[in-house]
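The lines below spell out each chain.
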Amino acid sequence: MKSHATRVELIEVAQGRRPADLFIKGGTVINVYSGEFLPQNVAIYKDRIAYIGNSEAAIGEHTRVIHAEGKYVSPGFIEPHAHPWVVYNPVSLTMKSLSSGTTTLVNDNLFFYLHMGASGFKAMLQDLRELPGNNLWLVRLVSQAEYPSERDEFNAGDVRSLLELEEVVGTAEITRWPLLYKGDPFVIDTIEYAKRLGKISDGHTAGCSYEKLNSIVAAGISACHEAITAQEALDRLRLGMWTTLRNSSLRPDFPEIMKLITENKVSTNRILLTTDGPHPAFIEEQGSVDGLLRIAVELGLTPMQAIQMATINPATFLGLDQEVGGIAPARRADVLILPNLVDFRPELVISAGTIVALKGQTLVSPPVIDWMKYVAKPAFTMERTLLQHPDLYRYPHTSSAEPVPVIYFQSNVITKKKDTELPVNNGYADLSKHPGLVMANLIDRDGQWITKGIMERFAVDLDGMASTYNTTTQLLVIGRDAEAMAKAAARVHELGGGIVIVDRGEIIVEIPLPLAGMMTTDPEFHKAVEYQEVLLSELKKRGFPFHDILYTLLFLTCDFLPGLRLIPLGLYDVKAGGVIKPAAAIETERV
Ligand SMILES: Nc1ncnc2[nH]cnc12
């Protein structure tokens, strides 16, 4: 990590021979290395910490003195597993996170890579160097729903070239973990390559048994955040994984998984914390890592344990403990002034030696990013007119005696296959006598293929909705009224990505998401909150029974959560690991 201060300058400041730029006086330093609270001063020079102790010799004529009497001086918080695309974008998420003390974000690159390729992604990283905060990245080795050209796009040359970048700290979660279990050569070789570069490999082993976890760890995976019980967390810890405890909007699991610490009394030095890409309103209401600390302490952790899990532990996991994660000489000056160890909301946030936020308000401006210049091809290469025919959305069906495999929602994201007999009308399934069902289609943005399904327990009164917000970023079109679906789909095409709802012939929700079909380009975080709230409230009015619509949409098209899902290859049974109804060529579906 580049330092603007030289070591000689830092030595001089430490000895009081060169004045500090910032001097934090009279606070209680949270020493995450020794686990002590120490009444000490902290001197900062340029972007680095130079001195911690009782001397005031580094205060010079132009030194800015920050009085921290009665307050705590903490290392900046680290989010080791961020997904900077939940309608918000890397700029708005960074600024929001900084305002509440998260000075390091370790971001997943999935959708940027899918839409920008290696060269666009590199260009984006170059421009994001202007962003305040410490922005690190993990790179994906595979997508989250298999598609025909996947292995060409995630090729060894491109992926390795990204792994070599300074801000890339490792390989990102591999949601399709059976690839690791089976020893997939590309995945294993790339993880090995990352290790040779001194980088980590994040994991995603949802539902993986203790026995199988052995193979995943043998494959080189260093961490996992998917434990949903204390026992699952213990399994991971015992097998040498960095165990990341998650409290997200989709899975607010702290009350259960913190029992790993409060009941099992395990050592906490290989435990990390994550928000795992929560929806925007969750961050707005509960904060980022600061919110995790508050809940962890409410559940019985000591403030020191909690802070260590959000600072020095992730820094050590990333191999960056000489750079970040604690208050010590030559570390990046990512420092917080905390009025208390209850809500963990910093009064002041210093990032790389600059005061970036005061009382929750950022004091610095982000760079203006022209996102679209990194994107490799137009949002849609198919003609819009192709989307305007209602029959495209109907479910072909020839015999009422032959059951249709319906996608039944058990929760926000978990589905199961429910075989249902449906009448036939003109060659299509007739849903009129089944008010709980909606049609659902995943359509290739290049106009080649369409995967068709029928869903139950989504939103019973939905006329039509279209969305590129899903893990394939292809066009997902859902509804009971084929005309409304066609209208919504055509509008999303015009927007170049986004979410549109049509009700009684009118567009009632329109959320432009031009960046990869997932993100607004707005640098203001509250824009993402507004979009999410309107979407959830309109779908709830139409019968959506769950709390996290963005994750319902996101994971409907993935290939790693139970049970029946729409992926580019077709209607996919995850447990069986196979397509039960292949995607069709769009030409043949058109009338
Ligand atoms: N696997 C995943 N893919 C996309 N977004 C996510 N947010 C949390 N987990 C995610």
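Residues numbered from 1 in each chain as written. Predicted model: local features only at pLDDT ≥ 70, side-chain atom pairs only at ≥ 80, totals over all residues.

1. Things to note about the overall build of the protein chain
For the record, the criterion: The secondary structure listing takes helices from DSSP runs of H or I that are at least 4 residues long and strands from runs of E that are at least 2 residues long, numbered from the N terminus. Our radius of gyration looks at C-alpha atoms and nothing else; its globule reference is 2.2 Å times the residue count to the power 0.38. Buried means a residue has 20 or more other C-beta atoms within 10 Å of its own C-beta, exposed means 12 or fewer, and partly exposed covers the counts in between; C-beta atoms are placed from the backbone. Think of it this way: build a C-beta for each residue from its backbone, and any pair within 7 Å is a contact.
Along the backbone of the protein chain there are 19 helices and 31 strands. For 591 residues, the compact-globule estimate of 2.2 N^0.38 gives 25 Å, and the protein chain sits close to it at 25 Å. Principal-axis analysis of the C-alpha atoms gives the protein chain an extent of 85 × 50 × 45 Å. Sorting the 591 residues of the protein chain into buried and exposed places 54% on the buried side. Nonlocal contacts in the protein chain, meaning residues at least 24 apart in sequence, comprise 68% of its contacts between residues at least 6 apart.

2. What to know about the domain arrangement of the protein chain
As a reminder of what qualifies: Domain delimitation in this document rests on an assignment produced automatically or drawn from a domain database. All residues other than Ala, Val, Leu, Ile, Met, Phe, Trp, Tyr, Cys, Pro, Asp, Glu, Lys and Arg, Gly among them, are scored as polar; the first ten of these are nonpolar and the last four charged.
Under the domain assignment, the protein chain is made up of domain 1 (75-325 + 358-373) and domain 2 (378-585). Using C-alpha coordinates to define each centre, domain 1 is positioned 28 Å away from domain 2. Opposite the 29 residues of domain 1 that make contact, domain 2 presents 32 residues. Within the residue set of the side of domain 1 that touches domain 2, elements represented by two or more residues are helix 2 (90-99), helix 3 (110-128) and helix 12 (280-286). Looking at the side of domain 1 that touches domain 2 residue by residue, the classes come out as 18 nonpolar, seven polar and four charged.

3. So, the site of the ligand
Formally: Nearness rests on one distance test: the residue's C-beta atom, set from the backbone, must lie within 6 Å of the molecule or strand.
In the neighbourhood of the ligand, the contacting residues comprise H83, Q144, T175, D276, G277, T471 and L554. Of the residues belonging to the shell around the ligand, the class tally is one nonpolar, five polar and one charged.

4. Brief notes about the packing of helix 5 (residues 156-163) against helix 7 (residues 185-196)
Keep this limit in mind: In this analysis, axes come from line fits to C-alpha atoms, helices being fitted only over the stretch in contact, and the angle between any two N-to-C directions falls in the range 0 to 180 degrees. For this classification, under 35 degrees means roughly parallel, over 145 means roughly antiparallel, 65 to 115 means roughly perpendicular, and everything else is oblique. The hand of a helix crossing depends on one turn: near helix anticlockwise from the far one by less than a right angle means left-handed, and clockwise means right-handed.
Axis separation between helix 5 and helix 7 bottoms out at 10 Å; the angle between their running directions is 25°. In terms of orientation, helix 5 and helix 7 fall into the roughly parallel class. As helix 5 runs across helix 7, the sense of the crossing is right-handed. Residues A156, V159, R160 and L163 of helix 5 form the contact with helix 7, whose own contacting residues are F186, T190, Y193 and A194. Looking at the contact of helix 5 with helix 7 residue by residue, the classes come out as six nonpolar, one polar and one charged.

5. Let's talk about the nonpolar core
Under the convention used in this document: We define the nonpolar core as any set of buried residues of the types Ala, Val, Leu, Ile, Met, Phe, Trp, Tyr and Cys, connected via C-beta atoms lying within 7 Å of each other.
By size, the foremost hydrophobic cluster in this structure holds 190 residues, and its most contacted members are A50 and A488. If one sorts the elements of this core by residue count, helix 3 sits on top with nine residues. Counting residues domain by domain, this core receives three or more from each of domain 1 (75-325 + 358-373) and domain 2 (378-585). For A50, the residues in contact, after removing those within four places along its chain, are L10, V13, A14, A20, A43, I44, Y45, A58 and P329.

6. Re unusual backbone geometry
A cis amide bond links P562 to the next residue, G563, at an omega of -5°. Here G563 is to be found in the loop between helix 18 (549-556) and strand 28 (564-567). At K46, a residue that is not glycine, the phi angle is positive and equals roughly 50°. In this fold, K46 is placed in the loop between strand 2 (36-45) and strand 3 (48-53). Of the residues examined, K46 has 19 C-beta atoms within 10 Å and is grouped as partly exposed. We note that K359 has phi near 45°; this positive angle belongs to a residue other than glycine. Following the sequence through the fold, K359 ends up in the loop between strand 16 (354-358) and strand 17 (361-362). K359 gets classed as exposed once you count the C-beta atoms within 10 Å, which come to 11.

7. Overview of helix 1 (residues 7-14)
Our working definition: Regarding the arc, it is the one traced by the directions from the helix axis to the C-beta atoms.
Every buried residue of helix 1 is accounted for by L10, V13 and A14. Along the long axis of helix 1, the arc covered by the buried residues comes to 100°, so they all point the same way. Among the residues trailing helix 1, G16 stands out with phi positive, at a value near 75°.

8. Things to note about the UniProt feature "domain: Amidohydrolase-related" (unreviewed entry) in the protein chain
Filter applied, for reference: UniProt positions are given in the numbering used here, feature names are shortened, and annotations may be inferred rather than shown by experiment.
Here the UniProt feature "domain: Amidohydrolase-related" (unreviewed entry) sits at residues 72-356. Taken end to end, residues 72-356 is 40% helix and 19% strand, and its two terminal C-alpha atoms sit 18 Å from one another.

9. Thoughts on the environment of H115
Within the fold, H115 resides in helix 3. Distance from H115 to L515, taken between C-alpha atoms, is 8.6 Å for residues 400 residues apart in sequence.

10. A few points about helix 3
The line we're drawing: Under the convention used throughout, the expected extent of a helix is 1.5 Å for every residue step, that is, one less than its residue count. Bending is quantified residue by residue as the angle between axes fitted to the seven-residue window ending at that residue and the seven-residue window starting at it.
Helix length check: helix 3, at 19 residues, gives a terminal C-alpha distance of 16 Å against a target of 27 Å (1.5 Å per residue), a shortfall beyond 12%. Roughly 115° is the biggest bend found in helix 3, and it falls at G117. Turning to helix 3, its buried residues number three or more, namely L110, F111, F112, Y113, L114, H115, M116, A118, F121 and L125. Buried positions along helix 3 lie against strand 7 (102-108), strand 8 (134-139) and helix 5.

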